[in-house]
Amino acid sequence: MIRNIILLVFILILTACGANTKYELMATAKLHAEYSVNDNYQSVYKRILEKITECSGVEFVRWNIYTELAEAEIYMLGAYSSGYLFLAEIKKGEGDISDLRVYSKFSTSRPME
């Protein structure tokens, strides 16, 4: 799962236009995937953020963690402020389960348009 997200991030770095807002990205995403992860939401957030910044640097990546809401988000902007290309939302689920939603302007399962 993490490898697929990293592959997607590399593709996004090389692309141009993104959505104007993260809500527009969520509504128009070509890839929308949901996962349940057997780990604390903060650990999932940290792992994804570390891998994305390790592979792509921090200049296009933004992140927020809301501990009082038990939520976190990581999003990637396109080069030259071209908009939102990728969004990962992590929320605390039941027990030590985390709910992960991923939205992308592009899908790795078919050629880019």
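In this report, we go over the structure that sits alongside the text. Computed from a prediction, not measured in an experiment: that's the story for all the values here.

Here we have five strands laid out as an open sheet, ordered 1-5-4-3-2, and antiparallel in their pairing. Each having just a single partner strand, strand 1 (31–37) and strand 2 (61–66) make up the two edges of the open sheet. Mean inter-strand twist for the sheet, computed between neighbouring axes without regard to direction, equals 10 degrees. The sheet contact formed by strand 3 (residues 71–77) and strand 4 (residues 84–92) spans seven bridges and is antiparallel. If you follow alanine 72 over to strand 4, its bridge partner there is isoleucine 90.

Turning to the nonpolar core, a few remarks are in order. Counting residues in each nonpolar core, the largest one holds 17 residues, and the members touching the most others are Ile52, Ile74, Ile90 and Leu100. Residue assignment for this core shows that the elements contributing at least two residues are helix 3 (41–56), strand 3, strand 4 and strand 5 (98–104). Broken down by element, the residue count for this core peaks at six residues, all from helix 3. Counting residues in hydrophobic clusters, the runner-up holds six residues, among them Ala19, Leu25, Tyr84 and Leu87.

Time to look at the environment of isoleucine 65. Structurally, the position occupied by isoleucine 65 is in strand 2. Between the C-alpha atom of isoleucine 65 and that of lysine 91, which follows or precedes it by 26 residues, the distance is 10.0 Å. Every residue in contact with isoleucine 65, bar those within four places of it in the chain, is listed here: Tyr41, Gln42, Tyr45, Glu71 and Ala72.

Turning our eyes to something else, we now look at unusual backbone geometry. Here the phi dihedral of alanine 70 falls at roughly 60 degrees; this positive angle occurs in a residue that is not glycine. Looking at the element boundaries, alanine 70 is found in the loop between strand 2 and strand 3.

With respect to the helices and strands, the residue lysine 22 is situated in helix 2 (residues 22–28). A relative accessible area of 15% means that lysine 22 is categorised as buried. Separated by 2.5 Å, the side chains of lysine 22 and glutamate 73 make a polar contact. Those residues within four positions of lysine 22 in sequence are excluded, and the remaining contacts are Glu73, Tyr84 and Leu87.

Looking now at the packing of aromatic side chains. Scanning all chains against the criterion turns up one aromatic pair. A ring pair is formed by tyrosine 75 and tyrosine 84, whose centres lie 5.2 Å apart and whose planes are at 40 degrees; its orientation type is tilted. As far as the burial class goes, tyrosine 75 and tyrosine 84 line up, both buried.

One can find glutamate 73 in strand 3. Residue glutamate 73 is classed as buried on the basis of its relative accessible area of 6%.

Across all of its chains, the model carries five salt bridges by this definition. Put simply, glutamate 73 and lysine 22 hold a salt bridge, and the shortest N to O gap is 2.5 Å. Note that glutamate 73 is positioned in strand 3 and lysine 22 in helix 2, a separation of 51 residues in sequence. Exposure class is identical for glutamate 73 and lysine 22. Each is buried. With its nearest N and O atoms 3.0 Å apart, the salt bridge here joins aspartate 39 to arginine 47. A residue is classified by how much of its surface remains accessible, and arginine 47, at 34% relative accessible area, is partly exposed.

What counts as what
- Note on numbering: residues in each chain are counted from 1, in written sequence order.
- Per-residue local features are limited, in this predicted model, to residues with pLDDT of at least 70; the limit for side-chain atom pairs, both in listing and counting, is 80 or more; totals at the level of whole chains, interfaces and linings are taken over all residues.
- No hydrogens and no water enter the side-chain calculation; it runs on all heavy atoms of the structure.
- By the convention used here, strands pair only if DSSP detects at least 2 bridges between them.
- In this description a helix means any DSSP run of H or I spanning at least four residues, a strand means any run of E spanning at least two, and both kinds are numbered starting from the N terminus.
- Helix axes are fitted only over the stretch in contact, all axes being lines through C-alpha atoms; the angle between N-to-C directions runs from 0 to 180 degrees.
- Only buried residues count toward a nonpolar core, which is a set of Ala, Val, Leu, Ile, Met, Phe, Trp, Tyr and Cys residues joined through side-chain atoms within 4.5 Å.
- Any residue under 20% of the maximum accessible area for its type is buried, any over 50% is exposed, and the rest in between are partly exposed; the area is computed with a 1.4 Å probe on protein chains only.
- Throughout, a residue-residue contact means that at least one pair of heavy atoms, one from each residue, lies within 4.5 Å.
- Under the rule applied, a polar contact is a pair of N or O atoms within 3.5 Å (in protein, one hydrogen donor and one hydrogen acceptor; residues adjacent in sequence only if both atoms are side-chain atoms).
- For Phe, Tyr and Trp, rings pair up if their centres lie within 6.5 Å, where Trp contributes its six-membered ring, and each pair is then called stacked (planes under 30 degrees apart), edge-to-face (over 60) or tilted (otherwise).
- Salt bridges, as used here, are contacts in which a Lys or Arg side-chain nitrogen is within 4 Å of a carboxyl oxygen on Asp or Glu.

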